[in-house]
Amino acid sequence: GGSLNKDFGNFTAVLSAIKNGDVKGVCDYAYNIFEEVVLPRHSTALRLKTEFERHGAMLSMMSGSGPSVFALFDSEKQSAKAAEAIRSLGADAHLCKLI
């Protein structure tokens, strides 16, 4: 996922990045504290997150407390390949476009 720095999880930084259309900034500061508890206990969520990262996701993260995992990609081609890989694991995968 996005590189973590001393300010990860900084809501103000994430909000600012969103307002400025700074996808890299969103990836750098996004954080979900539930992952610390959920991922070690739920191998499926961890496997999906890892699969997204293996396919080059800029960010891969659980949505809220789960059960969804999402990822951001640089290209539609990468996201389509990742979705295909996720489906091959027996999970649903839906391509969405940021607007």
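Please refer to the structure placed before this passage.
Remember, it's a predicted structure, so these values are computed and weren't measured experimentally.

A. The arrangement of helix α4 (residues 43–54) in detail. Over its twelve residues, α4 extends 16 Å from the first C-alpha to the last, a length consistent with the 16 Å expected when each residue adds 1.5 Å. Taken as a whole, α4 has its buried residues at A45, L48, K49, E51 and F52. The buried side chains of α4 occupy one side of the element, clustering within an arc of 160° when seen end-on. Exposed residues lying more than 90 degrees from the buried face of α4 are S43 and R54.

B. Representation of a nonpolar patch on the surface. A surface patch of nonpolar side chains, amounting to about 300 Å² of accessible area, comprises Y31, I33 and F34. Position of Y31 relative to the elements: it lies in the loop between α2 (23–29) and α3 (34–38).

C. A look at the pattern of salt bridges. Overall, the coordinates contain four salt bridges when judged by the stated rule. Where E35 meets K49, a salt bridge forms, and the shortest distance between an N and an O atom there is 3.2 Å. Of the two residues, E35 is situated in helix α3 and K49 in helix α4; the sequence distance between them amounts to 14 residues. A single burial state applies to E35 and to K49, both of which are buried. With a closest N to O distance of 3.8 Å, K49 and E53 form a salt bridge. Residue K49 and its partner E53 are located together in helix α4, separated by four residues, close to a single helical turn. On the basis of relative accessible area, K49 is assigned to the buried category, the value being 13%.

D. Examining the pairing of strand β2 (residues 69–72) more closely. Looking at chain direction, strand β1 (residues 59–62) and β2 are connected through four bridges and run antiparallel. Each residue of the ladder has a partner; that of M61, found in β2, is F70. Where β1 folds back on β2, the antiparallel hairpin that results is connected by six residues, among which G64 adopts a positive phi of roughly 60°.

Rules used throughout
- Residues numbered from 1 in each chain as written.
- Predicted model: local features only at pLDDT ≥ 70, side-chain atom pairs only at ≥ 80, totals over all residues.
- Heavy atoms only, no water.
- Helix = DSSP H or I, 4+ residues; strand = E, 2+ residues; numbered from the N terminus.
- Expected span 1.5 Å × (residues − 1).
- Buried < 20%, exposed > 50% of the residue type's maximum accessible area, 1.4 Å probe, protein only.
- Arc of directions from axis to C-beta.
- Patch = residues over 30% accessible without salt bridge, like charges linked within 9 Å, V, L, I, M, F, W, Y side chains within 5 Å.
- Areas by Shrake-Rupley, 256 points an atom, 1.4 Å probe, with all protein chains shown as cover.
- Salt bridge = Lys/Arg side-chain N within 4 Å of Asp/Glu carboxyl O.
- Pairing = 2+ DSSP bridges.

Function cannot be read off these values alone, since they describe shape.
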